[in-house]
Amino acid sequence: MTDAARSAGPPERMCPSTPASNATVFLGMITPAGRVAYVTPAVPAEVALVGTDDSDEPIESRMRLAGPCVTSSCGFWTGSHCGLGARMAASYAETAPPAEETLPKCAIRRTCRWFAEQGPAACPACSHVVTDAR
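Numbers given for residues are sequential positions, taken from 1 along each chain in its written order. Totals for whole chains, interfaces and linings use all residues, but because this is a predicted model, local features are given only for residues with pLDDT of at least 70 and pairs of side-chain atoms are given and counted only at 80 or more. Values reported for side chains reflect all heavy atoms of the structure, with hydrogen atoms and water molecules removed beforehand.

Peer 1: I'm lost on unusual backbone geometry in this one. Help?
Peer 2: Across the chain, the bulk of peptide bonds are trans and the bulk of non-glycine residues have phi less than zero. Residue P41 follows T40 across a cis peptide bond; omega there is 0°. Elements are defined by DSSP. Helices are runs of H or I of four residues or more, strands are runs of E of two residues or more, and each kind is numbered from the N terminus. One can find P41 in strand 3 (residues 36–44). Unlike most non-glycine residues, T71 shows phi in positive territory, near 40°. Along the polypeptide, T71 turns up in the loop between strand 4 (63–68) and helix 3 (83–95). Three labels apply to residues, based on accessible area from a 1.4 Å probe with only protein chains included: buried if under 20% of the type maximum, exposed if over 50%, partly exposed otherwise in between. Overall, T71 belongs to the partly exposed group, its relative accessible area being 26%.

Peer 1: In this structure, what is going on with the nonpolar core? I would like to understand it.
Peer 2: Burial of nonpolar side chains together is a common tendency in soluble globular proteins. For our purposes a nonpolar core is just a set of buried Ala, Val, Leu, Ile, Met, Phe, Trp, Tyr and Cys residues, chained together by side-chain atoms within 4.5 Å. Core analysis: the biggest nonpolar cluster contains 15 residues, and M14, V25, L27, Y38, A66, I108 and W114 have the highest contact counts within it. Elements with a contribution of two residues or more to this core: strand 2 (25–30), strand 3 and helix 5 (122–126). With three residues, strand 2 is the largest single contributor of residues to this core. Contacts were defined at the residue level, with two residues in contact if any of their heavy atoms lie within 4.5 Å. Other than its neighbours up to four places away in sequence, M14 contacts T24, V25, A66, G67, P68, C69, I108, T111, C112 and R113.

Below, the structure written as structure tokens:
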């Protein structure tokens, strides 16, 4: 392992449900059924957001965006982990059929806060989240 790799530390964790104001990655579109249609590879948020001001609907109700996890600056942060990711994974596991074998293609899984903390159980729940940025 190189010195650079040792000093780099763990990757910056990404929030898979961030408001447009903090977004750095476009994850996908919200379908009429309320699910995320993911795009891969990663698309920079600023590219995806070009020309989206033509609607009265909040961007977050049409697109799923990701950005750096802001930990203690977020109302869902418990002090040690993301409470929203934990709650979503647990709720989905209680109400949905057994998880799909194949995880959806996701541009941020390697750095995703929810996946890092909840494992594959986070992914099926994640595809049903629509960010409320109001």
